[in-house]
Amino acid sequence: MSTLATFRIDGARALVTGASRGIGRAVALALAEAGADLALSARTAEALKSTTEQVCGLGRVAVAVPGDLNDTAAAGAVVDQAAEALGGLDVVIHNAGILPSEPDGSPTLLPLQHLPQPAWDKVVTVNLNATAALCRHAYPHLAASQRASLVLVSSVAGVVGAPMMEAYAATKAAQISLVRSLATGWARQGIRVNALCPGWTRTDMTSFAYGNAPISDWLVAHVPLGRWATPEEIAPAALFLAAPASGYLTGQALLVDGGLATPEGGLAGTPKPPSPFVSAG
Ligand SMILES: NC(=O)c1ccc[n+]([C@@H]2O[C@H](COP(=O)([O-])OP(=O)(O)OC[C@H]3O[C@@H](n4cnc5c(N)ncnc54)[C@H](OP(=O)(O)O)[C@@H]3O)[C@@H](O)[C@H]2O)c1
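Here's what I pulled together on the structure shown here.

About the criteria used
Here the residue numbers are simple positions, counted from 1 along each chain's written sequence. Only residues with pLDDT of at least 70 get local features here, since the model is predicted, and only at 80 or more are side-chain atom pairs given and counted; chain-wide, interface and lining totals rely on the full set of residues. Hydrogens are left out, water is left out, and the side-chain values use all remaining heavy atoms of the structure. In this analysis, strands are considered paired if DSSP registers two or more bridges between them. Per the convention used, a helix needs a DSSP run of H or I reaching at least four residues, while a strand needs a run of E reaching at least two, with both numbered from the N terminus. To obtain an axis, a line is fitted to C-alpha atoms, over the contacting stretch when the element is a helix, and the angle between two such axes runs from 0 to 180 degrees between their N-to-C directions. Contacts were defined at the residue level, with two residues in contact if any of their heavy atoms lie within 4.5 Å. Side-chain rings of Phe, Tyr and Trp, where Trp is taken by its six-membered ring, are said to pair if the distance between their centres is within 6.5 Å; with planes under 30 degrees apart they count as stacked, over 60 as edge-to-face, and otherwise as tilted. Type-normalised accessible area, obtained with a 1.4 Å probe on protein chains alone, sets the label of each residue: buried when under 20%, exposed when over 50%, and partly exposed for intermediate values. When the NZ atom of lysine or the CZ atom of arginine is within 6 Å of a ring's centre and also within 35 degrees of its normal, the charge is said to sit over that ring. Side-chain atoms within 4.5 Å link the members of a nonpolar core, which is a set of buried Ala, Val, Leu, Ile, Met, Phe, Trp, Tyr and Cys residues.

## Some thoughts on the sheet that holds strand S4 (residues 91-94)
One key point about sheets: their strands pair by backbone hydrogen bonds, in either a parallel or an antiparallel sense.
So, point 1. The strand order across the open sheet built from seven strands is S3-S2-S1-S4-S5-S6-S7, with neighbouring strands paired in parallel fashion. The open sheet has two free edges, formed respectively by strand S3 (62-64) and strand S7 (253-256), since each of these has just one partner strand. Averaged over all pairs of adjacent strands, the angle between strand axes in this sheet comes to 20°, irrespective of strand direction.
So, point 2. Helix-sheet contacts for helix H2 (residues 45-57) involve strand S2 (37-41) and S3, and the interaxial angle to S2 is about 175°.

Now the structure itself:
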């Protein structure tokens, strides 16, 4: 097989969660371009319409398997429906995730000492408990596959931490820990398990930051490459982790973060603007 051919996943049956927009949509399209048939998940079928149409436009199968991951039973059902619709699963890219948010959808940026317990609980439910349910339900399907790859989309925040986003960072760190445990436990069943850790990426989740110059300038000042990523720059790493190209790679956290997590933030000694976040006691 040529090196380039190892990046193809022709005929693979893949589930992508959080596929309605942002990173998940870009990942779904990358996998479809590389030959996969897709089950696409988000809270509603309506939100998945555009991605579904785009995948079909690439000549691949696309089925919507909606489910609200705030309900862990629904997370399991999403996997079961995906496997039934595609006749099994070879690849699972679990990408859906949330920040704590206000009723209008804007993020709740509060230090832990001010974050209400229900807000913490919701982030743990969606980002971590649903991840466990999803992995549990995915196991028999992946174990039956000859080319199984499970990818959890975590975050650089799970590696370096993130003040004002402690619940988010803690659940993302837990996903990396889960990846290491599952990679070892499931290796002899032929299932590779890796985490993909994006850095600051322009999506709906981060519009509060890239749309606000003081916050955006401060964040980007800590990124050695000096800019935001696009979802399309994260997607190829997901394809790599799904494909035979990474066939000997398991238990890893792949950071696609513009260098953010390098020691000392990569730009040690470079002047940075003062933090726009008011320190709350
Ligand atoms: N953007 C970044 O800078 C960044 C950096 C590091 C890591 N990440 C991670 O990358 C992943 C994707 O982030 P993104 O920036 O693309 O986010 P996004 O634009 O906000 O998209 C989030 C996706 O998750 C789905 N989702 C949200 N809540 C859900 C729920 N309760 N049940 C089912 N699906 C739900 C959304 O679907 P609907 O709303 O349509 O239901 C949407 O498809 C997340 O895990 C995030 O933590 C992002």
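## Some words on the packing of aromatic side chains
So, point 1. Summed over the entire model, instances satisfying the criterion amount to four aromatic pairs.
So, point 2. Relative to tryptophan 186, the ring of tyrosine 139 lies with its centre 4.9 Å away and its plane at 55°, an arrangement referred to as tilted. Residue tyrosine 139 is found in helix H4 (residues 117-143), and its partner tryptophan 186 is found in the loop between helix H6 (166-185) and strand S6 (191-198); the two are separated by 47 residues along the sequence.
So, point 3. In this structure tryptophan 186 comes out as buried when scored by relative accessible area, which is 13%.
So, point 4. Stacked on the ring of tyrosine 210, the Lys or Arg arginine 202 has its end atom at 4.2 Å from the ring centre.

## Some thoughts on unusual backbone geometry
Peptide bonds are trans in most cases, and residues, glycine excluded, mostly fall at negative phi.
So, point 1. The backbone of methionine 164 sits at a positive phi, close to 75°, despite the residue not being glycine.
So, point 2. Examined against the element boundaries, methionine 164 turns out to sit in the loop between helix H5 (157-160) and H6.

## Considerations on the pairing of strand S1 (residues 13-17)
So, point 1. Taking burial as the measure, the five residues of S1 include four buried ones, the bulk of the element.
So, point 2. Bridging between S1 and S4 involves three bridges; their strand directions are parallel. For alanine 14, the partnering residue across the bridge sits in S4 and is valine 91.

## Things to note about the nonpolar core
So, point 1. Ile9, Val16, Val27, Leu31, Leu38, Leu40 and Ile93 are the most contacted members of the largest nonpolar core, which has 35 residues in total.
So, point 2. Elements represented by at least two residues in this core include exactly S1, helix H1 (22-33), S2, H2, S4, strand S5 (148-153) and helix H9 (231-242).
So, point 3. Among residues more than four places away in sequence, those in contact with leucine 38 are Ala14, Val16, Ala28, Leu31, Ala32, Val55, Val61, Ala62, Val63 and Leu86.

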